[in-house]
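So the chains spell out like this:
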Amino acid sequence: MASLSDAITVVRPRSGRWESLALLLATLAVIAGVAGYVALRPQKAGPPIPLSWQVRSFDGLGAVDQAIHSALLPAGEEIIWFNNDTGGWITLEHAQKLLLPPFYRDGFWKTHGEVQWQLILPGTHQAHGLSGDAHAPADPSANQVSQATQGQGATVYYGAGGRATGQSAYLLVIGHAHAGVMWANQATIWVHPDPNAPYPGIVKPESLVGDGWRQVIPYDGTSEVERVKGTQP
Amino acid sequence: MTTATQRPSRWRRCLALLMLMPVVALAGTATASGKPLRIGVTLHPYYSFVANIVGDRAQVIALIPPEANPHNYQPQPDDITRAMNLDVLVVNGIGHDEWAFQIVKAAGRTATLPIIQANASVALIPIAGDQSGVKVVNPHTFVSTTAAIQQVFEIARRLGELDPDNAATYRHNALAYAARIRELRARFMTRFAALDLSAFRCATTHAGYDYLMQEFGLFVSAVIEPRHGVAPTARQLANTIEAIKRANVRVLFAEKNFSLDLAKPIEAATGVKVFALSHITGNAYSADEFEVAMAENLETLAQAIEFTQPARSTP
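Keep in mind the model is a prediction, meaning the values are calculated, not measured. (Residues numbered from 1 in each chain as written. Chains lettered and ligands numbered in written order. Predicted model: local features only at pLDDT ≥ 70, side-chain atom pairs only at ≥ 80, totals over all residues.)

Draft legend 1. Representation of helix α2 (residues 18–40) of chain A. Over its 23 residues, α2(A) extends 32 Å from the first C-alpha to the last, a length consistent with the 33 Å expected when each residue adds 1.5 Å. Burial analysis of α2(A) places just 0 of its 23 residues in the buried class, a small minority of the element. (Helix = DSSP H or I, 4+ residues; strand = E, 2+ residues; numbered from the N terminus. Expected span 1.5 Å × (residues − 1). Buried ≥ 20, exposed ≤ 12 C-beta atoms within 10 Å, placed from the backbone.)

Shown next as structure tokens:
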């Protein structure tokens, strides 16, 4: 009587199992390819990444700060237009007549902490008074005054004393071309975590950063279009 | 003698040609040829903004029919014809009028039609309520007063660059229009000043009103649509109802010109009172549409806040 093992004939693949090996290698190649693509695929532009002294308006500010920042942006534009047309600045009294938020003392002002605003005009800054920037030298090589007083030709709307929970202090800094500032005739907005932070005196960026102020980077429509569609021509 | 008389004549001709060159170069643009700009707009609010900025100095042309719903619009052949004849197009650009770019492409104007992104300098905010922890950009910047003014300024500035002869007029008109919008807002701010807003909590069916709420320091506790224009699943709806109950929400803002299908079951399940706000779409295009619609929205908002005020005890 023959045993069971004698009755079983093992049939070896003629190719010597190379198909299994090939399938394994192909699987590994696909996995490596997908992993490589995931690791190296082109990244879409994201929101601007804030530096240590900056904060994003979109996700870095509380609701009250965000609302005041949103109001300061068009206010800054209107102030600049007013200055271009008249040579003057919108005073806080004038802002009441213009109903201009966030300075106008209405329901918005009340629900957003009743911030006390001050207007600091060029020439009234601590260092600005010494600069004589009204006679800024035309010769670039002799532009030491502009360098030394960079930012001090700025007009500043300073807001502090807000009572809302988690509220900041605010600076709307409007640069002035004649003082040689880098953001001439443009407004930048700064916040300080202490709602009662004193007026910084010197509004040069490096001084503001040293005093704990942070520049607010608006996440605006241009940034969003770039995020979704890439850089536009 | 003959040569001497010919030379000045030739010089004069060359000089005249040189003087004419800039005119010839600019002959293709509408303003250089004395024609007013033909400014296309995609959404109703932008018609109002641009009409108030340009006055009679330019022509405002709506790209799509007034009754069209921009949320699910499919471009039509007439839109393409209109796009072919525009000098510039004003768009929202961040989520309401993607179809405009299809129309411009179909019209063969991608490379030649200047686009004004009205939101270019507006500080965007995220959609309120729980979006699964993700901050999603809210594109409804035109349902507001402050962000609307910022867009008016942006449009005026860009139009001034394209049409320098009228830049001062555009800026002057933009400032006057902004002043009118602020007067409208101030009227309601005075009314709100007497009310207690601290306990006001609301939900919205559509994430269209965050910019408006922000201006009044109001808080949106929940948005029913999980994404812009997307209906919630049964599970998402149940979660939202739970969130509304938890946050003690008493007011639900629905969309005036759209279906109230979403609002009704939530009203029944939670007892919230439904108010309808306008998305500023669906009526005839007009210069005053934005102000009229915003006045209605502010009136509705005031009524909703007054509804939530604690009842005064009678002596």
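That was the structure; now back to the text.
Draft legend 2. Layout of the nonpolar core. Membership of the largest hydrophobic core comes to 129 residues, with the highest contact counts inside it found for Leu171(A), Val50(B), Ile53(B), Val90(B), Val152(B), Ile155(B) and Cys202(B). When sequence neighbours within four positions are dropped, the list of residues in contact with Val152(B) reads Phe49(B), Ile53(B), Ala174(B), Tyr177(B) and Ala178(B). (Core = buried A, V, L, I, M, F, W, Y, C linked by C-beta atoms within 7 Å. Contact = placed C-beta atoms within 7 Å.)

Draft legend 3. Structural view of the interface of chain A and chain B. At the junction of the two partners, chain A supplies 29 residues and chain B supplies 32 residues. Of all the secondary-structure elements, those providing two or more residues to the side of chain A that touches chain B are α3 (57–60), α4 (63–86), α6 (107–111) and α10 (221–229) of chain A. Broken down by element, the side of chain A that touches chain B gets its largest block of residues, 10 residues, from α4(A). The class makeup of the residues in the side of chain A that touches chain B is 13 nonpolar, 9 polar and 7 charged. (Nonpolar A, V, L, I, M, F, W, Y, C, P; charged D, E, K, R; others polar.)

Draft legend 4. Representation of unusual backbone geometry in the model. Here Pro101(A) and Pro102(A) are connected by a cis peptide whose omega angle stands at 5°. Residue Glu114(A) is not a glycine yet carries a positive backbone phi of 55°. By the secondary structure assignment, Glu114(A) is in the loop between α6 and β2 (116–120). Residue classification places Glu114(A) among the partly exposed residues on the basis of 13 C-beta atoms within 10 Å. Here Asn248(B), not a glycine, exhibits a phi torsion of approximately 60°, which is positive. In this fold, Asn248(B) is placed in the loop between α8 (234–246) and β7 (251–255). The exposed category is assigned to Asn248(B), around which 9 C-beta atoms lie within 10 Å.

Draft legend 5. Quick peek at the domain arrangement of chain B. All names here are of chain B. Annotation of chain B at the domain level lists domain 1 (37–185) and domain 2 (193–308). At the junction of the two partners, domain 1 supplies 31 residues and domain 2 supplies 30 residues. When contributions to the side of domain 1 that touches domain 2 are tallied by element, the ones reaching two or more residues are α2 (44–54), α5 (146–162) and α6 (167–193). Sort the elements by how many residues they give to the side of domain 1 that touches domain 2 and α2 lands first, with 7 residues. Counted by class, the side of domain 1 that touches domain 2 contains 15 nonpolar, 13 polar and 3 charged residues. (Domains from an automatic or database assignment.)

Draft legend 6. Focus on the UniProt feature "transmembrane region" (unreviewed entry) in chain A. Those residues carrying the UniProt feature "transmembrane region" (unreviewed entry) are residues 21–40 of chain A in this numbering. Helix makes up 100% of residues 21–40 of chain A and strand 0%, and the two end C-alpha atoms of the span are 28 Å apart. (UniProt positions renumbered as here; feature names shortened; annotations may be inferred.)

Draft legend 7. Inspection of the packing of α5(B) against α6(B) at higher detail. Residues and elements named next belong to chain B. Remark: α5 packs on α6, axes separated minimally by 9 Å, with the N-to-C direction vectors making an angle of 175°. Classified by the angle between their axes, α5 and α6 sit roughly antiparallel to one another. Between α5, through Ala 148, Ile 149, Val 152, Phe 153, Ala 156, Leu 159 and Gly 160, and α6, the contact on the second element is made entirely by Ala 167, Tyr 170, Arg 171, Ala 174, Tyr 177, Ala 178 and Ile 181. Its residues assigned to classes, the contact of α5 with α6 comprises 12 nonpolar, 1 polar and 1 charged. (Axes fitted to C-alpha atoms, helices over the stretch in contact; angles between N-to-C directions. Parallel < 35°, antiparallel > 145°, perpendicular 65-115°, else oblique.)

Draft legend 8. Geometry of the sheet that holds strand β6 (residues 214–217) of chain A. All names here are of chain A. Pairing is mixed in the open sheet, where 6 strands are placed in the order β1-β6-β5-β4-β3-β2. Sheet topology places β1 (54–56) and β2 at the edges, where each strand pairs with a single neighbour. Put simply, the sheet's adjacent strands are angled 25° from each other on average, direction ignored. For strand β3 (residues 155–160) and strand β4 (residues 169–174), the ladder comprises 5 bridges, and the chain directions are antiparallel. Directly across from Tyr 157, in β4, lies its bridge partner Leu 172. Along the sheet face, α4 touches β4, β5 (187–192) and β6 and points at about 20° away from the line of β4. (Pairing = 2+ DSSP bridges.)

Draft legend 9. Structural context of the sheet that holds strand β3 (residues 88–91) of chain B. Residues and elements named next belong to chain B. Taken in spatial order, the 4 strands line up as β2-β1-β3-β4 in an open sheet, and their pairing is parallel. Lying at the two open borders of the sheet, with one neighbouring strand each, are β2 (58–62) and β4 (115–117). Between one strand axis and the next, the sheet turns through 25° on average, direction left out of account. In this fold α2 packs onto β1 (37–41), β2 and β3, with an angle of close to 175° to the strand it touches most, β2.

Draft legend 10. Local environment of the confidence of the model for chain B. All names here are of chain B. Mean pLDDT for chain B: 85, with 84% of residues reaching 70 or above. Confidence drops under a pLDDT of 50 for residues 1–5, and excluding neighbours within four residues, the segment shows 0 contacts in the predicted structure. Counting contacts from residues 20–29, a segment whose pLDDT is below 50, to residues more than four positions away or on other chains yields 3 contacts. Across the whole predicted complex the pTM is 0.79, and at the interface the ipTM reaches 0.81. (pLDDT = per-residue confidence, 0-100.)

Draft legend 11. Spatial organisation of α8(B). The terminal C-alpha atoms of α8(B) lie 18 Å apart, and with 13 residues this matches the ideal 18 Å at 1.5 Å per residue to within 8%. Following α8(B) by one or two positions, Asn248(B) adopts a phi angle in the positive range, close to 60°.

Draft legend 12. Fine view of the packing of α4(A) against α5(B). Between α4(A) and α5(B), whose axes approach to 9 Å, the crossing angle comes to 30°. Crossing hand, α4(A) versus α5(B): left-handed. Taking contact as the criterion, the partners of Ser70(A), Ala71(A), Leu73(A), Pro74(A) and Glu77(A) in α4(A) are, on α5(B), Thr146(B), Ala147(B), Ile149(B), Gln150(B) and Phe153(B). Its residues assigned to classes, the contact of α4(A) with α5(B) comprises 6 nonpolar, 3 polar and 1 charged. (Left-handed = near helix turned anticlockwise from the far one by under 90°.)

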